[in-house]
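Take a look at the letters that make up each chain.
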Amino acid sequence: MSFTLVERANSRTYSLVPTPGESSITLQYLMTWSDASTQPNEGQILAAAGTPPSRISSTVYTGDPYLKTMVIREVSIEPVRERQNAWIVTHRASTRNGSLLSQTDGSYCTCTRATVVRSTAMYRKDAAFPANGTVAFASGADIAGTKVDTNGKPKVYDVPQQLVTIETQYDRTLTAASPAAEPLWSVYTSYVGQRNSAVFLGFPIGTLLYQGFQTAPEDNYYRMSHTFLYDAWYHLDQIPCPNPTGEPILTNGGVSIGTPAVPILQVKDVVYLQRYDTLSAFSGILAAADLTALTSPKPLAIA
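Just so we're clear, the structure is a prediction, and the values are computed from it rather than from any experiment. Here the residue index of a chain counts from 1 through its sequence in written order. In keeping with the model being predicted, local features are shown solely for residues with a pLDDT of at least 70 and side-chain atom pairs are shown and tallied solely at 80 or more, while totals for entire chains, interfaces and linings include all residues. Side-chain numbers here rest on the full set of heavy atoms in the structure, without hydrogens or water.

J.: So what's going on with the overall build of the chain? Which residues, and what values?
T.: Where helices and strands are cited, they refer to DSSP runs of H or I of at least four residues and of E of at least two residues respectively, numbered from the N terminus. Per the secondary structure count, the chain includes four helices and 18 strands. Just to be clear, the radius of gyration here is over C-alpha atoms, and the globule rule we use is 2.2 Å times residues to the power 0.38. Over its C-alpha trace the chain gives a radius of gyration of 32 Å, far above what one expects of a compact globule, namely 19 Å for 303 residues. Counting only C-alpha atoms and orienting by the principal axes, one finds that the chain spans roughly 115 × 50 × 35 Å. Counting contacts in the chain only where the partners sit at least 6 residues apart, residues at least 24 apart contribute 70% of the total. If you sum the accessible surface of the chain, you get close to 16700 Å²; carbon and sulfur atoms cover 55% of it. Whether two residues are in contact is decided by their heavy atoms, any of which lying within 4.5 Å being enough. Accessibility throughout is a Shrake-Rupley quantity obtained with a 1.4 Å probe, and a residue counts as covered only by protein chains that appear here.

J.: Any chance you could break down the packing of aromatic side chains for me, citing the residues and the numbers?
T.: For this analysis, a ring pair means two rings from Phe, Tyr or Trp (six-membered ring only for Trp) whose centres lie within 6.5 Å, classed as stacked if their planes differ by under 30 degrees, edge-to-face if by over 60, and tilted for the remaining angles. Tallied over the entire structure, the rule returns 18 aromatic pairs. Relative to Tyr210, the ring of Tyr191 has its centre 6.4 Å away and its plane inclined at 90°; by these criteria the two rings are edge-to-face. Here Tyr191, found in the loop between helix H3 (185-190) and strand E11 (195-196), pairs with Tyr210, found in strand E12 (residues 208-218); they are 19 residues apart in sequence, far enough to count as distant.

J.: Explain the side chain of Arg118 residue by residue, including any values.
T.: One can find Arg118 in strand E7 (residues 109-122). As used in this structure description, the phrase polar contact means that two N or O atoms lie within 3.5 Å; if the pair is within protein, one of them must be able to donate a hydrogen and the other to accept it, and residues adjacent in sequence are counted only when both atoms belong to side chains. Reaching out from Arg118, the side chain makes a polar contact with the backbone oxygen of Leu236 at a distance of 3.1 Å. Contacts of Arg118, omitting those with residues within four sequence positions, involve Tyr157, Asp158, Val159, Gln161, Asp231, Trp233, His235, Leu236 and Asp237.

J.: Could you give an account of the confidence of the model for the chain, with specific residues and numbers?
T.: Summing up the model confidence of the chain, the mean pLDDT is 87 and the portion of residues at 70 or higher is 93%. Confidence of the predictor at the level of single residues is captured by pLDDT, which takes values from 0 to 100. The spread of mean pLDDT over the elements of the chain runs between helix H4 (residues 288-295), the lowest at 78, and E11, the highest at 96. Per-residue pLDDT stays below 50 along residues 101-105; that stretch engages in four contacts with residues further than four places along the chain or on separate chains.

J.: Hey, could you go over the state of the cysteines for me, with residue numbers and the actual values?
T.: Criterion for a disulfide: a pair of cysteine sulfur atoms within 2.5 Å. All told, the structure shown has zero disulfides when counted by the stated rule. Cys109 provides the cysteine sulfur closest to Cys111, a residue in no disulfide bond, and the two sulfurs are 7.6 Å apart. For Cys111, a relative accessible area of 27% puts it in the partly exposed group. Each residue's exposure class comes from its accessible area (1.4 Å probe, protein chains only) as a fraction of the maximum for that residue type: buried when under 20%, exposed when over 50%, partly exposed otherwise.

J.: Lay out the side chain of Ser225 with the relevant residues and their values.
T.: Residue placement: Ser225 occurs in strand E13 (residues 221-231). Ser225 gets classed as buried once you look at its relative accessible area, which sits at 17%. When near neighbours in sequence (up to four residues on either side) are disregarded, Ser225 contacts Thr165, Ile166, Glu167, Gly212, Phe213 and Gln214.

J.: Please provide a residue-by-residue account of the pairing of strand E14 (residues 236-240), values included.
T.: Of all five residues making up E14, four are buried, and the element is well covered by its neighbours. Pairing analysis gives five bridges linking E14 to strand E17 (residues 270-274), with the strands arranged antiparallel. In the sheet register, Gln238 faces E17, and the bridge partner there is Tyr272. Strand pairing is defined by DSSP finding a minimum of two bridges between the two strands.

J.: So, a nonpolar patch on the surface: which residues are in play, and what are the values?
T.: Grouping into patches uses exposed residues only, defined as over 30% relative accessible area, and leaves out salt-bridged ones; the cut-off is 9 Å for like charges and 5 Å for nonpolar side chains (Val, Leu, Ile, Met, Phe, Trp, Tyr). Each reported salt bridge corresponds to a side-chain nitrogen of Lys or Arg within 4 Å of a carboxyl oxygen of Asp or Glu. Taken together, the side chains of Val255, Ile257 and Val262 present a nonpolar region at the surface, about 220 Å² in accessible area. You can call Val262 partly exposed: its relative accessible area is 45%.

J.: Can you break down the pattern of salt bridges residue by residue, with the values?
T.: All chains considered together, the criterion is met by 12 salt bridges. Asp231 is the salt-bridge partner of Arg118, the closest N and O atoms lying 2.8 Å from each other. In this pair, Arg118 is assigned in strand E7 and Asp231 in strand E13, connecting sequence segments 113 residues apart. Summarising the burial analysis for this pair, Arg118 and Asp231 share the class buried.

Structure below.
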């Protein structure tokens, strides 16, 4: 006593959408019970029809790498009224790995950007930045530029920034029966607080800071967002050189204000402070295929 499932001829239908949308295939089977003298119970019928989530039959994917990513999400069972112990079983399976038209390119990577500012103390205007924003703290080297403080009180300057969010997806399953390895959580975490050591997404060396990631499960995938922060000042702060009591060392800046003119003092020396000393290529965050999906969008324009 057993069930037999035979795929109905010409029953397959496809719905294809770009990654990370859900592309699907619908399959119909005729399921029959072999023993006419007995009736299967409801549990046997449900078990034989298939249970989501599970992979589609090997007779369907037949070695095709794209169809192997399909997962059965829904099973419907309808009895054949004119025949005893026969049912129409419908499987709806889906994947978020691209479409049949690009079987080897299921990568998904998008980038969103937003302008923000960072308010910081500015003692010197138009001061040159050190190469890649890398400095030795308390080096004693004044950053030069035009003095703009008043008696040691700096101006407040809004440094232009960009908040950059890159979204990818990660397939949590393998073709084998074992679960897939988790994403590189510890590697991502190790990049937090590091700046780019090479030009990344067009941003100069030292200007892009990795702030961290967020992730959420969706079907058998993770949707992951990586957040970066670009800073036009290389994430540097201007710090006045202090005296032994911690107050800025002031000197006559040769500037007077008011009527009659009142000379003001200005900070003698200013240095840069870099809170994010470590540089990294961020090679462990985005795979080459992700960057290609980001920098080479499809389809190509028609000439």
